[in-house]
Amino acid sequence: MLCFHHVGVQTDDLDNCLNWYLDYFDAKLSWQLERFSGLTLDRLPGIAGLIEVRVGDVRFHLFDRSAHNRQQPPAVGFQFQHVCLAVDSADELRELRRRWHELHESGKYVFARPDLPSDIVTDADGIQSLYVLDVNGLEFEFTYVPGSPRD
Ligand SMILES: [Fe+2]
């Protein structure tokens, strides 16, 4: 059996990324690393710092790369295109959308892309979704599935 552990987020500005993840997700800093194994250095040349932030059972591993090119991956190439997190209510979707705008308008973060959050959309089965970008331009989906217990 598998269960979800963490998402690795590669950024060019670890402070900016950390602050946004802490504030947007109301996350807590778990631990940080500045020394890495040979395997990590082979996999991620130029990594200088890695910070785990956590909200509930969801962990994000934020790390920078010294030679980051500030480019997005090709839109139609192989990639994990978005990460979807489930919420417990439609109200939470509205709050995530409101908070995204609040943080964006605060001027405290640098955003890689100008895109604003989507509307909250409802599909034919009544499942609601919201799509937002993080400060790096990485896409999150938040979904509310009525009547579907999360555990
Ligand atoms: Fe999705």
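Residues numbered from 1 in each chain as written. Predicted model: local features only at pLDDT ≥ 70, side-chain atom pairs only at ≥ 80, totals over all residues. Heavy atoms only, no water.

Draft legend 1. Representation of the nonpolar core. By size, the foremost hydrophobic cluster in this structure holds 30 residues, and its most contacted members are Trp20, Tyr21, Tyr24, Phe25, Phe60, Leu62 and Phe142. Those elements that provide at least two residues to this core are strand E1 (6–11), helix H1 (14–24), strand E3 (47–55), strand E4 (58–65), helix H3 (90–106), strand E7 (128–133) and strand E8 (139–144). Formed jointly, this core draws a minimum of three residues from each of two domains, domain 1 (6–65) and domain 2 (82–144). Once you skip the residues sitting within four places of it in the chain, Tyr21 turns out to touch Val9, Asp26, Ala27, Val53, Phe60, Leu62, Asp134, Asn136 and Phe140. Grouped together as the second largest cluster of nonpolar side chains are five residues, Phe36, Leu44, Leu50 and Phe63 included. (Core = buried A, V, L, I, M, F, W, Y, C linked by side-chain atoms within 4.5 Å. Buried < 20%, exposed > 50% of the residue type's maximum accessible area, 1.4 Å probe, protein only. Helix = DSSP H or I, 4+ residues; strand = E, 2+ residues; numbered from the N terminus. Domains from an automatic or database assignment. Contact = heavy atoms within 4.5 Å.)

Draft legend 2. Spatial organisation of the side chain of Thr11. In this fold, Thr11 is placed in strand E1. Among the polar contacts listed, one links the side chain of Thr11 to the backbone nitrogen of Asp13, at a separation of 3.2 Å. When sequence neighbours within four positions are dropped, the list of residues in contact with Thr11 reads Cys17, Phe63, Asp64, Arg65, His68 and Asn136. (Polar contact = N/O pair within 3.5 Å; in protein donor to acceptor, adjacent residues only side chain to side chain.)

Draft legend 3. Examining the coordination of the iron ion more closely. Around the iron ion, the protein contributes the donor atoms His82 (NE2) and Glu141 (OE), at 2.1 to 2.3 Å from the metal centre. Taken together, the positions of His82 in strand E5 (residues 82–86) and Glu141 in strand E8 put the pair 59 residues apart, joining distant regions of the chain. Judged by its relative accessible area of 11%, Glu141 falls in the buried class. (Donors = N, O, S within 2.8 Å, 3.2 Å for Na, K, Ca; no water.)

Draft legend 4. Structural view of the sheet that holds E4. With respect to topology, four strands assemble into an open sheet ordered E1-E4-E3-E2, the strand pairing being mixed. Among the strands making up the open sheet, the edge pair consists of E1 and strand E2 (28–33). When strand polarity is set aside, the average angle formed by the axes of neighbouring strands in this sheet is 20°. For E3 and E4, the ladder comprises seven bridges, and the chain directions are antiparallel. In the strand pairing of E4, Arg54 is matched with Arg59. Across the sheet, H1 touches E1, E2, E3 and E4, and the angle it forms with E4 is around 165°. (Pairing = 2+ DSSP bridges. Axes fitted to C-alpha atoms, helices over the stretch in contact; angles between N-to-C directions.)

Draft legend 5. Layout of the sheet that holds strand E6 (residues 121–122). Read from one edge of the open sheet, four strands run E5-E8-E7-E6, paired in mixed fashion. In this open sheet, the two edge strands, each paired with only one partner strand, are E5 and E6. Here H3 sits on the sheet in contact with E7 and E8, set at roughly 20° to E7.

Draft legend 6. Geometry of the packing of aromatic side chains. Counted by the stated rule, this structure contains 14 aromatic pairs. Judged by centre distance (5.3 Å) and plane angle (75°), the ring pair of Trp20 and Tyr21 falls under edge-to-face. A single burial state applies to Trp20 and to Tyr21, both of which are buried. Ring centres of Phe25 and Phe140 lie 5.3 Å apart, and the angle between their planes is 70°; on these two criteria the pair is classed as edge-to-face. Here the residue Phe25 occupies a position in the loop between H1 and E2, and Phe140 occupies one in strand E8, the gap between them amounting to 115 residues. Accessibility expressed as a relative area gives 7% for Phe25, which makes it buried. Grouping aromatic residues by their ring pairs yields a cluster made of Trp20, Tyr21, Tyr24, Phe25, Phe60, Phe140 and Phe142. (Phe/Tyr/Trp six-rings, centres within 6.5 Å; stacked < 30°, edge-to-face > 60°.)

In short, shape yes, function no, at least from these values alone.
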